[in-house]
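Okay, here's what each chain looks like letter by letter:
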Amino acid sequence: MTKRIGILTSGGDCAGLNAAIRAVALRARHGYGWTTVGIRYGTLGLLERPVEAEVLDVDRMDAALARQGGTFLGTTNRGDPFAFPMPDGSRKDRSGEMVEGLLLLGIEGLIGVGGDGSLDILRRLVAPSGMPFVGIPKTIDNDVANTERAVGYPTAVAVATEALDRLHPTGASHERVMVLEVMGRDAGHIAIAAGIAGGADVVLIPEVHWHFERVVAHIASLRATGRSSALVVVAEAAGQSDKASDAASDAPKQGVGDWLARRLSQATGAEARATVLGHVQRGATPTAEDRLLAAALGVRAVDLLAEGKSDRMVAWWNRQVIDVPLAKVVGRSRTVDRDGTLIRTARALGICLGDAG
Ligand code: F6P
């Protein structure tokens with residue numbers, strides 16, 4: 001009998017997931033003669049009887065799939081198996097039902113595509129069954145430890161950069177301060193990368209202790225040089241009060257873009273407008289880099305199962321795919337390195353980070 005492996009996508013969707021699923025199915029079939037079963041809606045599919053899953057026919061895994069955003073299997077970022085939300089508001093451990101679902105599929109290995117939270121859950125879910133498990137990192141936030149890139153991040157940066165390119169003409173034409181709020185959860189990776197690529201004047205991220213007055217002063221200095229517009233990128237978590245300071249200490253945990261535009265308007269007298277990019281960053285056609293990353297990680301994930309390895313994550317490191325123990329990934333969110341290349345580059349280009357540096 002042909003060996004069967006399972007794959008599921010878990011957590012928020014992003015660009016490149018379909019490319020990863022495709023790579024896994026193709027590698028499994030053509031490399032090892034295996035069948036791949038796609039589990040629907042992340043772990044939620046495992047609760048259904050029959051289990052919500054389908055055999056991935058390799059004839060359907062053509063290049064068109066790699067071009068599509070989202071995940072055709074569906075996903076969820078709700079429904080912790082160990083504390084599953086029940087209709088009456090209570091929480092229930094449903095991990096046993098999910099493991100049973102995995103066993104009912106007759107699979108002998110599982111590949112999970114997820115961020116560090118999802119990979120942690122999947123790892124703990126599968127462990128009692130002894131089923132080999134390999135993770136593929138994905139998240140627009142790029143905060144998974146021990147990988148330089150997670151699937152979805154390159155596309156999110158490209159979308160945010162394009163948003164800045166599109167905001168710039170309005171800022172220049174109307175002499176406005178254009179504030180762009182980007183996602184990233186607790187990390188500023190998207191903000192700093194898109195800010196540099198998109199020519200921002202100010203980038204505010206949770207990793208840098210920023211001062212509202214310095215942002216105001218920077219915008220004033222731009223005006224003194226004759227420039228009447230400005231581009232400001234703010235990470236969604238930049239308003240966390242322990243990271244911001246002074247007048248920024250009342251920055252809200254949510255809605256920091258609108259708050260900042262309002263405050264900048266009052267403080268500088270300039271017209272300021274906020275754009276909250278939101279899920280636009282997740283749903284785009286994957287960039288070439290994302291497709292490549294997803295393909296390389298997907299292929300290697302299958303190879304690891306073939307080598308009998310388990311409880312590992314494939315990772316992108318120093319221009320190649322490596323694999324690392326999941327124990328060294330979960331619970332260690334990777335934030336922007338305050339002394340790293342991106343921060344140094346931003347400063348060198350004259351981008352204001354709202355601090356003294
Ligand atoms: O983790 C990905 C992400 O898009 C974050 O950047 C964002 O904070 C969050 O998910 C949004 O989640 P939801 O889609 O549930 O609103």
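Residues numbered from 1 in each chain as written. Predicted model: local features only at pLDDT ≥ 70, side-chain atom pairs only at ≥ 80, totals over all residues. Heavy atoms only, no water.

Some details on the domain arrangement of the protein chain
Reports of interface size often rely on the accessible area that becomes lost once the parts have come together.
Now for step 1: Taken domain by domain, the protein chain holds domain 1 (4-152 + 286-317) and domain 2 (155-282 + 338-348).
Now for step 2: Spacing between the C-alpha centres of domain 1 and domain 2 amounts to 34 Å.
Now for step 3: On the domain 2 side, the residues contacting the 12 residues of domain 1 number 11 residues.
Now for step 4: Taken together, the two surfaces of domain 1 and domain 2 that pack against each other cover about 940 Å², and 50% of this comes from carbon and sulfur.
Now for step 5: Applying the counting rule to domain 1 against domain 2 returns two salt bridges.
Now for step 6: Residues D141 and R185 are paired through a salt bridge, measuring 3.6 Å at the closest nitrogen-oxygen approach.
Now for step 7: Scanning the region where domain 1 abuts domain 2 turns up eight residue pairs in polar contact (both at pLDDT 80 or more). (Domains from an automatic or database assignment. Contact = heavy atoms within 4.5 Å. Buried area = accessible area lost by both parts, 1.4 Å probe. Salt bridge = Lys/Arg side-chain N within 4 Å of Asp/Glu carboxyl O. Polar contact = N/O pair within 3.5 Å; in protein donor to acceptor, adjacent residues only side chain to side chain.)

Details of the side chain of T36
Now for step 1: Along the chain, T36 turns up in strand β2 (residues 35-39).
Now for step 2: Not counting chain neighbours up to four residues away, the residues in contact with T36 comprise I5, I7, V24, A25, A28, E54, V55 and L56. (Helix = DSSP H or I, 4+ residues; strand = E, 2+ residues; numbered from the N terminus.)

A few points about the nonpolar core
Now for step 1: Ranked by internal contacts, the top residues of the largest apolar core, which has 84 residues, are I111, I136, V177, V203, L260 and L264.
Now for step 2: Two domains share this core, each providing at least three of its residues, namely domain 1 (4-152 + 286-317) and domain 2 (155-282 + 338-348).
Now for step 3: When residues no more than four places from it in sequence are discounted, the contact partners of L264 are V177, V179, F212, V215, V216, I219, V232 and G269.
Now for step 4: The next biggest cluster of nonpolar side chains, apart from the first, holds 25 residues, and it includes I39, L47, V144 and V329. (Core = buried A, V, L, I, M, F, W, Y, C linked by side-chain atoms within 4.5 Å. Buried < 20%, exposed > 50% of the residue type's maximum accessible area, 1.4 Å probe, protein only.)

A word on the pattern of salt bridges
Now for step 1: The full count for this structure, using the stated rule, is 20 salt bridges.
Now for step 2: The shortest N-O distance in the salt bridge between R166 and E162 comes to 2.6 Å. Of this pair, R166 and E162 both sit in helix α5 (residues 153-174), four residues apart, roughly one helical turn.
Now for step 3: Exposure remark for E162: the relative accessible area of 38% places this residue in the partly exposed category.

Digging into the sheet that holds strand β11 (residues 230-235)
Now for step 1: Taken together, four strands build an open sheet; the order of strands is β9-β11-β8-β13 and the sheet is parallel. Across the chains shown, the open sheet's two edge strands, defined by having one partner strand only, are β9 (202-204) and β13 (271-276). Taken over all neighbouring pairs, the strand axes of this sheet differ in orientation by 15° on average, direction set aside.
Now for step 2: For strand β8 (residues 176-182) and β13, the ladder comprises six bridges, and the chain directions are parallel. Bridge assignment links R176 to a residue of β13, and that residue is E271.
Now for step 3: Each of β8, β11 and β13 touches α5; the most contacted strand, β8, lies at about 165° to it.
Now for step 4: Against the sheet, helix α8 (residues 256-268) touches β8, β9, β11 and β13, its axis set at about 175° to β13. (Pairing = 2+ DSSP bridges. Axes fitted to C-alpha atoms, helices over the stretch in contact; angles between N-to-C directions.)

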